[in-house]
Amino acid sequence: MMTRRQALKTTALATAAVAAARGAIAQTPDQPKRSQPLITTATPTGPFMLPPLPYAYDALEPYIDARTMEIHHDKHHAAYVANLNKAVAGIPGLETRSVEELVKDLNAVPENIRAAVRNNGGGHYNHSLFWQMMKKDGGGEPKGELARAIAVKFGNFSNFKDSLTKAALGQFGSGWAWLVLDGREVKIESTPNQDTPLARGRQPLLGIDVWEHAYYLKYQNRRPEYVGAWFNSINWDFVADRFARLTS
Ligand SMILES: [Fe+2]
């Protein structure tokens with residue numbers, strides 16, 4: 001039988017766990033509104049962790065609103081991470097693989113969890129990159145080798161922008177539009193749902209999330225307006241560094 005001391009300890013631990021879990025995904029009404037994203041990695045158990053946003057929720061205003069960023073990161077991305085952890089829990093060999101390895105070779109994932117890993121692993125991977133592909137006071141045009149690669153492929157930056165916009169608007173339903181690296185050549189592609197360019201043998205350089213959760217609060221059905229505004233948030237330094245690393 002459980003002693004009173006043991007019962008108190010169990011109750012205290014359970015209360016702390018519930019408080020910690022709630023604190024990780026929500027705030028109580030009497031707390032001031034957080035201006036900074038969660039630093040915690042809100043995963044129930046498992047190897048995959050939610051990375052913190054590299055800036056405040058309102059850093060991308062007025063192009064992407066703070067509330068959208070908060071829900072997008074703290075709820076949507078967190079859910080992909082939690083569901084990926086559930087999918088791989090207890091499966092030998094999978095818990096030690098990186099999310100990149102998992103989504104790059106889905107055939108190596110057991111069939112009974114392949115769809116879960118494709119959707120949630122893809123969601124985790126895509127969003128982890130997406131946050132870094134944007135920054136406060138972003139936008140403009142890339143410089144250096146990436147600028148040259150874009151000019152070789154598209155003629156000029158304006159043509160590139162038109163092509164990526166067309167892919168973003170042409171993606172029916174939920175998905176992503178990408179600038180990818182295919183060998184040493186840059187290309188525009190789109191993927192449905194949370195599919196990644198990695199699964200097709202490409203490396204994503206820049207991507208725009210065109211799921212409605214990425215823009216609906218501010219733009220409702222006006223995806224073209226969101227896509228146009230998003231170009232002002234691009235972190236070209238991150239994209240150019242990634243290009244340099246992947247082509248070196
Ligand atoms: Fe998203």
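Residues numbered from 1 in each chain as written. Predicted model: local features only at pLDDT ≥ 70, side-chain atom pairs only at ≥ 80, totals over all residues. Heavy atoms only, no water.

**Q** Break down the coordination of the iron ion for me, with residues and values.
**A** Taken together, the protein ligands of the iron ion are His72 (NE2), His127 (NE2), Asp209 (OD) and His213 (NE2), with distances of 1.9 to 2.1 Å. In this structure, the iron ion is coordinated by four donor atoms arranged in tetrahedral fashion, with angles at the metal of 92 to 135°. Mapped onto the sequence, the donors of the iron ion take the spacing H-x54-H-x81-D-x3-H. Like aspartate 209, the residue histidine 213 is buried in the burial classification. (Donors = N, O, S within 2.8 Å, 3.2 Å for Na, K, Ca; no water. Tetrahedral: all angles 85-135°; square planar, octahedral: opposite > 155°, others 65-115°. Buried < 20%, exposed > 50% of the residue type's maximum accessible area, 1.4 Å probe, protein only.)

**Q** Tell me what's going on with the packing of aromatic side chains, and back it up with residues and numbers.
**A** Summed over all chains, the structure comprises 10 aromatic pairs. Ring geometry for phenylalanine 160 against tryptophan 236: centres 5.9 Å apart, planes inclined by 65°, an arrangement best described as edge-to-face. Highlighted residues: phenylalanine 160 in helix H6 (residues 157-170) and tryptophan 236 in helix H9 (residues 236-247), separated in sequence by 76 residues. Take phenylalanine 160 and tryptophan 236: they sit in the same class, and that class is buried. Linked through ring pairs, Phe130, Trp131, Trp176 and Trp178 together constitute an aromatic cluster. The ring of phenylalanine 231 carries lysine 161 above its face, with NZ or CZ at 5.1 Å from the centroid. The side chain of lysine 218 reaches across the aromatic face of tyrosine 219, ending 5.7 Å from its centre. (Phe/Tyr/Trp six-rings, centres within 6.5 Å; stacked < 30°, edge-to-face > 60°. Helix = DSSP H or I, 4+ residues; strand = E, 2+ residues; numbered from the N terminus. Lys NZ or Arg CZ within 6 Å of the ring centre and 35° of its normal.)

**Q** Explain the side chain of histidine 127 residue by residue, including any values.
**A** Along the polypeptide, histidine 127 turns up in helix H4 (residues 111-132). Of the residues examined, histidine 127 reaches a relative accessible area of 0% and is grouped as buried. A polar contact is formed between the side chain of histidine 127 and the backbone oxygen of glycine 123, at a distance of 2.7 Å. Dropping the residues within four chain positions of it, histidine 127 is found in contact with His72, His77, Tyr80, Trp176, Gln194, Asp209 and His213. (Polar contact = N/O pair within 3.5 Å; in protein donor to acceptor, adjacent residues only side chain to side chain. Contact = heavy atoms within 4.5 Å.)

**Q** Describe the pairing of strand E2 (residues 185-192), and please don't skip the residues or the numbers.
**A** Relative to E2, strand E1 (residues 175-182) is paired through eight bridges, and the arrangement is antiparallel. Paired with leucine 179 across the bridge in E2 is isoleucine 188. Hairpin connection from E1 to E2: two residues lie between these consecutive antiparallel strands, with glycine 183 at a positive phi of about 70°. (Pairing = 2+ DSSP bridges.)

**Q** Which residues make up the nonpolar core, and what are the values?
**A** Core analysis: the largest hydrophobic core is formed by 66 residues, its most contacted members being Phe160, Leu206, Tyr226 and Trp230. Counting residues per element, this core draws most heavily on helix H2 (residues 66-88), at eight residues. Those residues in contact with tryptophan 230 that lie beyond four places of it in its chain are Ile64, Phe130, Met134, Leu164, Leu206, Gly207 and Ile208. (Core = buried A, V, L, I, M, F, W, Y, C linked by side-chain atoms within 4.5 Å.)

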